[in-house]
Amino acid sequence: MEGKYYLKALDSIVSMLKIAVLAVDKELKIVIFNGEAEKILNIDKEQVIGKSVLDIIENSDLPNVINHGKVKKDEIIHIKGKSIMTHRIPIKDNEDIIGAMALFQDISENIRLSQELDQEKKHTSELSNILESIYEGVITVDKKGLVTYISKPYANFLGVDEEKSVGKHVTEVIENTRMHIVAETGLEEICDIQKVKDGYMIASRYPIKEQGKVVGAVGKVIFRNLGEFDILYKKINNMEKTLELYKGEIKHINKAKYCFDSILGSSTKIKETKKYAMKAASTDSNVLLMGESGTGKELFAHAIHNNSKRRKAPFIKVNCAAIPGNLLESELFGYEEGAFTGAKKGGKLGKFELADGGTIFLDEIGDMPYYMQAKILRVIQEREIERLGGSNCRNINVRVIAATNKDLVDMVAKGKFRQDLYYRLNVLNINIPPLRERREDIKELSFHFLEKYSINYGKYIDDISQEALNCLYNYEWRGNIRELSNIIERAVNVAEFGGEIAVNHLPHNISEKELIINNKSLQQILEEAEKKAILESLKISKGNRSKAARLLRISRTTFYEKLEKFDLLKNEVEK
């Protein structure tokens, strides 16, 4: 709607209001001047329409309202010996400011603004509701402290006559008041506690200024008694406590628990793996953890985060295999309110947003649906997410650590995993060795779990027999460290209090594999197995030592050290 038609329509509405209205266009020309304004300013409408408002009211603030587009409420000015309460607002057509409007009332004649607004205005104008609320407890005094206006609700609260109070000194109307002091000093008093009758109220007092000089004061009741304030204070305090509780819970939940010291083992393989992981932790690149189920990939993810510069930020875990495909997108990226049936009010943060500034651990990434892989790739590349049902992108700063027990290279070849996502994740590749390739760590891990479960179940068992250790060493460990943990937990439960874990406390599939050791030490058994593995690798590689070292997944230098250790350098390999 064009501005002039908008103002014309507005004029026809305000003419029915029982409140003085003066409106100007963008050039400050008066375009609306209703009957109530004629009465208060004692000027005919024909004399002011089309003229500049500054010609009628020299110090009018409407130009500032147009320039800054801000509402100015609750200001008291004095015109022709009258105290005028005014409320100024910009007039907008869509987003364009096309003028400004002043709504005002002569409060010196003790006419309460809220009672003068008719029922129709209350239903059609939000302004009337605001003003009614503001003036619930209001009083004004002049420079001498004489009451010039008191609202009816305030008079009822004080138990005084509204009409008879006007003209009296404020100290005769309100006990313990400081209104006359504010009118004298010109210093405002915000949220002051004041004793009234048999209780206390909270009030604010402001000086009224005209051309820079204090001419009076206005007081406003904030709370009629301390009970109202106490209720509000308790609500706010409870909200703050609840917020702090939630912050604490989120911080605790979204925190990495393990460090590199949590990864046990002294074998060469695990030491080399930890060393490489520590180097990865010092960078901010994405990490791909590869390894069989139960090898400890999650421990490495925790440790990398806790050893990185992001350690004080969130660590968010997502098991891609555990979340149904139709829910995965909303879990990862969140959703807006009303995005789908059952969506929470206010929407929900996704895992990537929760991880902002920190690390997100995508476990079992190989089980992620193919269509979701493209969305993950975009997040990694663009560093931004878009909530489900939303239209705005949100910038994020997240490091990705992914883990899988699947062969992603093979999945890429078969078209089951995106090649571009694989390259994005595979910046730093860490292969976690299976337990059968680090058998020398079995003893240390077994005693660690023994101590853990003995404490958990309150059962004193502090040893594992040599025969039971031989069985554990000789087992193939398809379930790796997780399987070893479960087996020790079972053994602690079935062993006698104060005894030790024996062969009969192990599952049959393990106890049946006990070695006949003829009083050999565990070290001797390990060395014999190691020597046998070296000979077998040489046999398979037909004597090619470099190939044999690769088969054993050890360096060529380490392989030659083993050959020298077992005196195999000069020996012929059995055909």
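Per-chain numbering applies: the sequence of each chain, read as written, is numbered from 1 onward. Reporting in this predicted model follows two pLDDT cut-offs: at least 70 for local features of residues, and 80 or more for side-chain atom pairs to be given and counted; totals over whole chains, interfaces and linings ignore these cut-offs and use all residues. Processing note: side-chain calculations cover all non-hydrogen atoms of the structure and skip hydrogens and water entirely.

Engineer: Explain the overall build of the protein residue by residue, including any values.
Structural biologist: The secondary structure listing takes helices from DSSP runs of H or I that are at least 4 residues long and strands from runs of E that are at least 2 residues long, numbered from the N terminus. Secondary structure assignment for the protein yields 27 helices and 17 strands. Taking all 575 residues of the protein together, the buried fraction comes to 43%. Sequence separation of at least 24 residues holds for 60% of the intrachain contacts in the protein that already meet a minimum separation of 6. Residue burial considers only the protein chains on display, and all accessible areas are found by Shrake-Rupley using a 1.4 Å probe. Just so you have it, the protein exposes about 31700 Å², and 48% of that area is on carbon and sulfur atoms. Three exposure classes are used, based on accessible area relative to the maximum for each residue type with a 1.4 Å probe and protein chains only: buried under 20%, partly exposed in between, and exposed over 50%. The contact criterion used throughout is that any non-hydrogen atoms of two residues lie within 4.5 Å.

Engineer: Could you give me a rundown of the packing of aromatic side chains, with the residues and numbers involved?
Structural biologist: Two aromatic rings from Phe, Tyr or Trp, using only the six-membered ring of Trp, form a pair when their centres are within 6.5 Å; if the ring planes differ by under 30 degrees the pair is stacked, by over 60 it is edge-to-face, and anything between is tilted. Inspection of the entire model under this criterion finds 8 aromatic pairs. Aromatic pair Tyr422 and Tyr423: ring centres 5.8 Å apart, planes at 55°, arrangement tilted. For Tyr423, a relative accessible area of 52% translates into the label exposed. Geometry around Tyr473 places Arg439 over its ring, the cationic atom sitting 5.6 Å from the centre. Distance and angle both matter: a charge sits over a ring if NZ of Lys or CZ of Arg is within 6 Å of the ring centre and within 35 degrees of the ring normal.

Engineer: Any chance you could break down the pairing of strand S1 (residues 20-25) for me, citing the residues and the numbers?
Structural biologist: The side chains of a regular strand alternate, residue by residue, between the two faces of the sheet. Taken across its 6 residues, S1 has 6 buried, putting it largely inside the fold. Here S1 shows no split at all, with Ala20, Leu22 and Val24 on one side and Val21, Ala23 and Asp25 on the other all buried. Paired strands are those between which DSSP finds at least two bridges. Sheet topology places S1 next to strand S5 (residues 96-106); 6 bridges connect them, and they run antiparallel. Counted as the bridge partner of Val24 is Ala100 from S5. In this sheet, strand S2 (residues 30-33) lies alongside S1 in antiparallel orientation, the contact comprising 3 bridges.

Engineer: Could you give an account of the sheet that holds strand S3 (residues 72-79), with specific residues and numbers?
Structural biologist: If you trace the 5 strands from one edge of the open sheet to the other, you get S2-S1-S5-S4-S3, paired in antiparallel fashion. Either end of the sheet is taken by a strand with one partner, and the two such strands are S2 and S3. Each strand of the sheet is rotated relative to its neighbour by a mean of 25°, with strand direction disregarded. Axis geometry follows a simple rule: fit a line to the C-alpha atoms, using only the stretch in contact for helices, then measure angles between N-to-C directions, giving values from 0 to 180 degrees.

Engineer: Go over the environment of Val221 with me, naming the residues and quoting the values.
Structural biologist: Position of Val221 among the secondary structure elements: in strand S10 (residues 213-223). Relative accessible area serves as the criterion here: at 16%, Val221 is assigned to the buried category. Distance from Val221 to Ile202, taken between C-alpha atoms, is 6.2 Å for residues 19 residues apart in sequence. Beyond its immediate chain neighbours, meaning those up to four positions away, Val221 contacts Gly137, Tyr154, Met201, Ile202 and Ala203.

Engineer: Could you give me a rundown of the pattern of salt bridges, with the residues and numbers involved?
Structural biologist: Any Lys or Arg side-chain nitrogen found within 4 Å of a carboxyl oxygen on Asp or Glu counts as a salt bridge. This structure, assessed with the given rule, holds 22 salt bridges. A salt bridge links Glu36 to Lys39; the shortest N-O distance between them is 3.6 Å. Taken together, the positions of Glu36 and Lys39, both in helix H2 (residues 35-41) and 3 residues apart, correspond to about one turn of that helix. We classify Glu36 as partly exposed; its relative accessible area is 24%. For Lys39, a relative accessible area of 61% corresponds to the exposed category. A salt bridge links Glu189 to Arg205; its shortest N-O distance comes to 2.6 Å. Taken together, the positions of Glu189 in strand S8 (residues 189-196) and Arg205 in strand S9 (residues 199-210) put the pair 16 residues apart, joining distant regions of the chain. Exposure class is identical for Glu189 and Arg205. Each is buried. Here the residues in one salt-bridge network are Arg178, Glu189, Asp192 and Arg205, joined through shared partners.

On their own, these measurements won't tell you what the molecule is for.
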